[in-house]
Structure formats: structure tokens, C-alpha cells
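# Residue-level structural notes
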Amino acid sequence: MVKLQKDVDAIRISTRIEELATCSSTSVGVTRLPFTAESLKAERLVEEWMKAAGMKVRKDALNNIIGRYEGKDPAASVLMIGSHLDSVIEAGKYDGILGVITGIEVVQTLKDNGIILDNPIEVVGFCDEEGVRFHSTFLGSKAIAGTFTAEDLERADEQGITIAEALKGIGIADPYAYNNASRTPEELLAYLELHIEQGPVLERENEPVGIVRGIAGATRFYFEIIGKPGHAGTVPVALRQDALLGASDLISYIENIAIKNEPLVATVGKLTVSPGASNVIPGLVTGTLDIRDLNVDRKKKAIDAILTESERVAKARGLQIQFIQVMEAEPVYCNEQLITVIEESIVEQDGSAISLVSGAGHDAMAMADVTNVAMIFVRCKEGLSHHPEEFVTLEDMGVGARVLYSAVIKIAKLH
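Attention here is on the structure that accompanies the text. (Residues numbered from 1 in each chain as written. Predicted model: local features only at pLDDT ≥ 70, side-chain atom pairs only at ≥ 80, totals over all residues. Heavy atoms only, no water.)

## So, helix H1 (residues 10-21)
With 12 residues, H1 extends 17 Å between its outermost C-alpha atoms, agreeing within 8% with the 16 Å of an ideal straight helix rising 1.5 Å per residue. Ala10, Ile13, Ser14, Arg16, Ile17, Leu20 and Ala21 are the residues of H1 that are buried. In a view along the axis of H1, the buried residues occupy a sector of 165°, so they form one face of it. Looking at the packing, one finds that the buried side of H1 touches helix H2 (37-52), helix H3 (97-112) and helix H12 (394-411). (Helix = DSSP H or I, 4+ residues; strand = E, 2+ residues; numbered from the N terminus. Expected span 1.5 Å × (residues − 1). Buried < 20%, exposed > 50% of the residue type's maximum accessible area, 1.4 Å probe, protein only. Arc of directions from axis to C-beta. Contact = heavy atoms within 4.5 Å.)

## Quick look at the nonpolar core
One broad rule of soluble globular proteins: the nonpolar side chains tend to lie buried together. Ranked by internal contacts, the top residues of the largest apolar core, which has 81 residues, are Leu20, Leu98, Ile104, Ile121, Ile342, Met367 and Val408. The leading source of residues in this core is H12, at 10 residues. Beyond its immediate stretch of four places on either side in the chain, Ile121 contacts Gly67, Arg68, Tyr69, Val78, Leu79, Ile81, Val107, Leu110 and Val408. (Core = buried A, V, L, I, M, F, W, Y, C linked by side-chain atoms within 4.5 Å.)

## What to know about the packing of aromatic side chains
Applying the stated rule across the entire model yields six aromatic pairs. The interplanar angle of 90° and the centroid separation of 6.3 Å between the aromatic rings of Tyr94 and Phe391 together place this pair among those described as edge-to-face. On the criterion of sequence distance, the pair formed by Tyr94 in the loop between strand S3 (78-84) and H3 and Phe391 in the loop between strand S13 (373-378) and H12 is long-range, its members being 297 residues apart. Plain terms: the ring middles of Phe148 and Tyr178 are 5.3 Å apart, the flat faces sit at 65° to each other, and that makes the pair edge-to-face. One end of the pair, Phe148, is in the loop between helix H4 (139-145) and helix H5 (150-153); the other, Tyr178, is in the loop between helix H6 (163-169) and strand S5 (188-196), and 30 residues separate them in sequence. Exposure remark for Phe148: the relative accessible area of 4% places this residue in the buried category. Judged by its relative accessible area of 11%, Tyr178 is buried. Site record: aromatic cluster; members linked through ring pairs are Phe221, Phe223 and Phe323. (Phe/Tyr/Trp six-rings, centres within 6.5 Å; stacked < 30°, edge-to-face > 60°.)

## Quick notes on the environment of Lys168
Among the structural elements, Lys168 can be located in helix H6. Taking the C-alpha atoms as reference points, Lys168 and Phe35, 133 residues apart in sequence, are found 9.3 Å from one another.

## Let's talk about the layout of surface pockets
Computed from the structure, the second largest pocket encloses a volume of approximately 300 Å³. Every residue lining the second largest pocket is counted, 14 residues in all, and those nearest its centre are Ser136, Thr137, Phe138, Lys142 and Ala366. Its residues assigned to classes, the lining of the second largest pocket shows four nonpolar, five polar and five charged. (1 Å grid on protein atoms, 1.4 Å probe; cavity = no way out; pocket = protein on both sides within 12 Å on 5 of 7 lines; lining within 4 Å. Points joined across faces, edges and corners; volume = space filled by probe spheres on them. Nonpolar A, V, L, I, M, F, W, Y, C, P; charged D, E, K, R; others polar.)

## Description of the sheet that holds strand S10 (residues 320-329)
Pairing in this open sheet of four strands is antiparallel, and the strands run S8-S9-S7-S10 from one edge to the other. Looking at strand neighbours, the two that pair on one side only are strand S8 (265-274) and S10, the edges of this open sheet. Strand-to-strand twist in this sheet, taken as the mean axis angle between neighbours without regard to direction, amounts to 15°. Set on the sheet, helix H8 (residues 243-260) makes contact with strand S7 (217-226), S8, strand S9 (284-293) and S10; between it and S8 the angle comes to about 175°. (Pairing = 2+ DSSP bridges. Axes fitted to C-alpha atoms, helices over the stretch in contact; angles between N-to-C directions.)

## Some thoughts on the packing of H2 against H3
Interaxial distance between H2 and H3 falls to 9 Å at its minimum, and their mutual angle equals 20°. Here H3 runs roughly parallel to H2, going by the angle between their axes. Where H2 crosses over H3, the two elements pack in a sense that is left-handed. Note on element contacts: H3 touches H2 through Val100, Ile101, Ile104, Gln108 and Lys111, opposite Val46, Trp49, Met50 and Ala52. Considering only residue class, the contact of H2 with H3 consists of seven nonpolar, one polar and one charged. (Parallel < 35°, antiparallel > 145°, perpendicular 65-115°, else oblique. Left-handed = near helix turned anticlockwise from the far one by under 90°.)

It is worth stressing that arrangement in space is one thing and function is another; only the former is reported here.
Put into C-alpha cells, the structure is as follows:
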């Protein structure tokens, strides 16, 4: 077990998270979109805390804020710790932020204990992970991973402001120099991300932290079910071509497929019914289907089964059903060596190294294109996230910080 003269300070972590929660454009929850007055206020606080922890601070070409704690060998590869500073609309306080502030706390603890590791440590607050403003996720981490493109800069928000224009608005002189933010595999030792679980498993298992095996791949479809509208009072039920009943059959089948193939998850998140009148048989239903799993083959078999069932439903009810794939994201597997180190660190804290799959996307997905990645999940109350009542206890923050600290000590000396 890692012995510390000066332990991590969970109260300091909590206090800083509360302070960052005031950097919001809404009074309900936290709303902090990238490249806004609220995000700049948050960045100033983060910069102040990074400097207090002994880090040199800079902003890169896409406005990621980076604090560097020098190692014994400044030329050695960097162990990067990070998460995001932006939020969804009326979010909770901890999503993303817990990872950034805990990373700073780990470096503060190194400094307080007079420890300089062989490898430099960099803590990163990524500028835009959620994708709320510009409808494109992982902007900051993609820039560091070298997968950000010039086309990304032309994405616009609802006011028509492009990413390039927004960057200029906060003082980035040349947004098209985004390649200056990219790092090479040789520069990076690994990337670690601590994050709230955003799910109920750790609470169910009564464990404060868990180890992430991987981040599920996601497939999304737009679907259209065409029936025949008619008078609700005159067309016998047995003779109807009711598009909504066809959708109901399919949604029930999708739920059963997900239950049978757990931990695969499937969600019909949006439905539009037309004509949408109380006295008219639904003639058209459009919707979305989101399917996620770490296991690619299992996900493909589930999708094939759903498409086959859609053909059966269409024939049985006299409908036309079409699925159009609109997104495919490959799964990301965490590095086994890093997983082993984190498992050891969890056991040191008298915990059980519960393995989890992340159904949500994280900056680690983008960072996996440039270096090995690993994630630590911290329990959150009722698994609630993207909600003002999102909550993590002080005790769990402390355990998460100690696990991350222990892992950092080990990983920086693996080479």
C-alpha cells in the first residue's frame, strides 16, 4: 500500500468542484459550454489550482488547458491524466470535472510529499467532450490525438458561430494551427481518466470505485415505419396498417434482445408519430435506435436479429419499414497492463476490483488513437448523471483519488 505523509485531500477536491459549479450560465444545475465566458472562468480557476500544485500551465492550439509536473527526465514520455471541463445543459457538478480536479489533487499530493517521478505528469482539462454546442464530441482530445480536422473547425452552433470563430473569440489567434496541439505516441506514456460511473453498478455492488475494461462501441439508426392513416372510428382494428403498433412490436422486441444479450444495451430514444391526431390512425412513425456493446460480434448479431424482426412485423401488419445507419463508433479496449496496475491499486484500498464496461463515451476513446488508455470509475448516487442531482460522496472522492495516486506512482515507473 502506498504510504503518504500527506494524504490526498477529499475536502479540497469537493470544495473546488463546488466552486467550478458556479461557472454556469444557468442557475439550475451546471451549464458550461465550450469557448464561453463560463468556460473561461472555469479555466482560470483550474489554472490557479494547477500552479498551486507545482505545475507549469499552458493552453494548446484548441484551448485545452494543460498543467505539467516535471519528471526526473524531462525528455521522457508523459503520463497524461485528464477529463473534460464542459457540460451538458443543466448538468451535474461531477461529470468530467471530478477527473480533472482529482488529477490536480494527485499532483498536489506528489508535491506535498516531495515526490518527483521519472516521467513528467500532465493534467489536461479538455475543452469540449460533450458536443452540446457544436454537435461534435471529443474536440479537445481529438486535437491532442491528431484526429481533429479542418472540417471540424467549420462546424457551427445554433447561432451560426463556427468553432474557428469561437476560438478566435476567446483569443486563439489562428485556429487553423490546431495541429500544434497534437501529440505523438512516442511523447505519451499512457492516458488515465477518472470519471463518475454514470450508472448504478458500483452502488449495487457497494463499491466506491471500479476498473473500466473498455468503452462500448455504438451503432445508431434512423428508422421509418410507413403504414396507412385512416379514421379512428371507421376502420376495423384487424384491417388497419397502424405504423405505431408496428413500432410498438419492434420496441418490445428490441428490449427483449437487449435483456437476452446483457451487457448489450439498446435504446429507442426518439419517436415521431404522424399525423399525430387523436382521431387518426398513425400512418407514419420515425425514430432512432442506439445499440451499444463492447463485443462487436454480439452487437452485430443483435442488429441482424432486429432487422429480421422488422421484416416480419412489416409483413404481418402490411407496413413498410426501413432502417438507415447514421453512426458507427468502434469500441475501445483499455490496456491490460494498465488495468492490472489499477486493480492492484483498488485492492490496496481494501476494495474489490469490479470490472465495468462504459456505455458512455469519454475522452479516453479519442486518446486511444495515440496512446494506451485506462479508466477508473467512481460511484455516483443512484447512477444519476447529466442531471442537477448528480452526486458523489466525500468518502468516495477520497478513495478514487488514492487509487489514481497509487496507479500514477506505479505506471510512471513501469518503463
